[in-house]
Each structure stands twice: as structure tokens, then as C-alpha cells.
Amino acid sequence: MRVAVISDIHANLHALEHVLEAIDSRPPDVLWCLGDLVGYGPRPNEVTEIVRERADLCLVGNHDLGILGRLDLDEFAPDAAASARWTQTVLLDESRAYLESLSPAAEAEGAELFHASPRDPVWEYVLSPEAAHAALDLTKEPLVLVGHSHVALAIMLAGDGLEGDLAPEGTEADLARGRWLLNPGSVGQPRDGDPRAAWLELDLPAGSARFRRVAYPVERTQAEMRERELPEALAERLAHGV
Ligand code: ZN
């Protein structure tokens with residue numbers, strides 16, 4: 001079972017298309033998506049449609065829930081709330097219906113999947129050792145997959161402690177060594193200093209995980225954001241991966 005894992009696409013169609021092209025160069029058995037299909041970016045309906053067609057399993061994220069009206073947008077940062085309110089004005093009924101059908105947590109093939117974390121599948125950022133430890137303590141499957149922070153991570157439970165760290169392009173994790181917490185990073189708004197779109201390739205029988213990055217035309221997404229008058233800071237950050 002080979003699995004491609006994507007997360008946090010954020011309505012960035014060009015990033016998604018380039019990631020799918022890379023994935024399709026050696027097609028996996030299944031494609032999993034950890035949520036946040038929309039919010040921030042300019043192409044919410046196209047991204048939702050593609051993920052609906054392509055993903056075998058898809059979670060809902062906090063931005064998706066905010067746009068559906070199931071989380072209070074006052075809890076969001078001002079630019080995130082502004083882009084969410086714009087998304088609400090353009091989201092088609094079929095996109096909304098698909099997002100409404102999704103859950104923020106799931107289990108499949110010896111993996112537990114959460115948009116954010118096991119402790120809080122919608123909001124908690126797993127970026128500290130304490131949060132990573134809690135995520136592994138609160139789960140039992142060999143593999144735990146989270147998104148939400150937009151930072152690629154590979155962390156393993158080793159005795160009472162943790163091993164591992166940030167997972168830049170080319171990082172490989174030996175899944176046979178123990179229980180792992182992996183974050184594939186973000187397709188549409190990376191925040192780990194590498195502006196290229198991130199995805200994760202798993203080969204479950206072989207016990208391997210490889211972190212991948214793909215360049216995409218950032219300037220096309222930025223131009224679409226400016227046309228739609230989305231907050232300039234959200235367009236600018238895409239060039240820097242922050
Ligand atoms: Zn996100």
C-alpha cells in the first residue's frame with residue numbers, strides 16, 4: 001500500500017496541480033488529505049472539486065469549518081478571517097456540501113489521521129515536544145498523521161523521549177523503528193521557510209516515509225489573489241514560505 005499524503009492546500013490551485021503531477025509520476029494506491037482545502041487562497045471551488053475527485057480519504061480543517069460557519073471567524077487572525085469571508089461569498093453549493101461531509105479525524109491502514117492533533121483535532125498546533133508527546137500518548141496506531149501547522153515534521157517515540165525534528169525535502173523516516181508522528185507540510189501555504197509545495201510519500205509495507213517538495217508558479221497564485229483583492233500579506237508570504 002503506497003500512500004500520498006497532502007494537507008493544507010488553502011485554495012492554491014497551481015500548487016495542488018504541481019503536487020498531483022509529481023504524485024502521478026508514480027501513482028500511489030491511495031491519496032489522503034488532512035484538511036484545510038480552502039481559506040487564504042483564490043481558487044476554493046477548483047481545489048475542492050479536484051480533492052473530491054482524487055482523495056480516497058479527506059479530513060476537514062479549521063479554515064474549512066470557519067467558512068462553513070461552524071467555527072467563529074472572530075477566533076481567526078484578521079487576514080485569515082477576511083479571506084474566509086471572501087471564500088463564503090464565492091463557495092459553490094457542491095463545494096460546501098463536500099466540505100460538510102468531512103470529519104477532522106479518521107483511521108486507515110494502521111494510521112490515525114487528524115487535521116490538527118489527537119487532543120484537539122481542529123485547533124491545536126503540534127509544534128512543541130510536549131504536544132508531540134501528547135499526540136503519540138493519546139493514540140495507539142503505529143503512525144499518526146497531522147497537518148494544520150504547515151510545517152513538515154517527522155518525530156518518533158523513542159523510549160520515554162522523542163527523536164526527530166523538522167522534515168525538509170528528502171527527509172526519510174524508517175517507520176519500522178517505532179511509532180511516528182508525521183506532518184507532510186502544506187501544499188498551498190508552506191511555513192517552514194521552503195516556499196515549494198509539500199507532500200509526503202508513504203510505502204507502508206516497506207516501512208518508508210519520504211518528504212517531498214515541488215516548485216510551482218507562486219506568481220500565478222499571487223496574481224489571482226491580487227485580482228480578488230485578498231489580503232496582500234497572504235500573497236506575499238507565499239514567495240518566502242513563511
Ligand atoms: Zn491550514
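Counting of residues starts from 1 at the beginning of each chain's written sequence and follows it residue by residue. Only residues with pLDDT of at least 70 are given local features in this predicted model, and only at 80 or more are side-chain atom pairs given and counted; all residues enter the totals for whole chains, interfaces and linings. Side-chain measures here rest on the full set of heavy atoms in the structure, leaving out hydrogens and waters.

Please set out the coordination of the zinc ion residue by residue, giving values where relevant.
As a rule, N, O and S atoms within 2.8 Å of a metal are its donors, except that Na, K and Ca use 3.2 Å; water is not among the atoms, so sites may look incomplete. Protein-derived coordination of the zinc ion comes from Asp-8 (OD), His-10 (NE2), Asp-36 (OD) and His-150 (NE2), at a distance range of 2.1 to 2.3 Å. In the primary sequence, the donor residues of the zinc ion line up as D-x1-H-x25-D-x113-H. Residue Asp-36 is located in the loop between β2 (30-33) and α2 (44-54), and its partner His-150 is located in the loop between β6 (143-146) and β7 (153-158); the two are separated by 114 residues in the primary sequence. The buried label goes to any residue with under 20% of its type's maximum accessible area, the exposed label to any with over 50%, and the partly exposed label to all in between, with areas taken from a 1.4 Å probe on protein chains only. Judged by relative accessible area, Asp-36 falls into the buried class, the value being 0%. Secondary structure elements are taken from DSSP: a helix is a run of H or I of four residues or more, a strand is a run of E of two residues or more, and numbering for both begins at the N terminus.

Any chance you could break down unusual backbone geometry for me, citing the residues and the numbers?
For Tyr-40, which is not glycine, the phi torsion reads 75 degrees and is therefore positive. Along the chain, the position of Tyr-40 falls in the loop between β2 and α2. The backbone phi angle of His-148 is positive, close to 80 degrees, even though this residue is not glycine. Along the chain, the position of His-148 falls in the loop between β6 and β7. Note on His-148: relative accessible area 2%, which makes it buried.

Outline the nonpolar core, listing residues and values.
One finds Ile-6, Leu-37 and Val-51 to be the most contacted residues of the largest nonpolar core, which totals 45 residues. Of all the elements, helix α1 (residues 13-24) adds the most residues to this core, at six residues. We call two residues in contact when some of their heavy atoms are within 4.5 Å. If we ignore the near neighbours within four places in the chain, the residues touching Ile-6 are Leu-16, Val-19, Ile-23, Leu-31, Trp-32, Cys-33, Leu-34, Pro-184, Val-187 and Trp-199. As used in this record, nonpolar core signifies buried Ala, Val, Leu, Ile, Met, Phe, Trp, Tyr and Cys residues forming a set joined through side-chain atoms within 4.5 Å. Within the second largest apolar cluster, 24 residues are counted, among which are Ala-108, Leu-182, Leu-202 and Phe-211.

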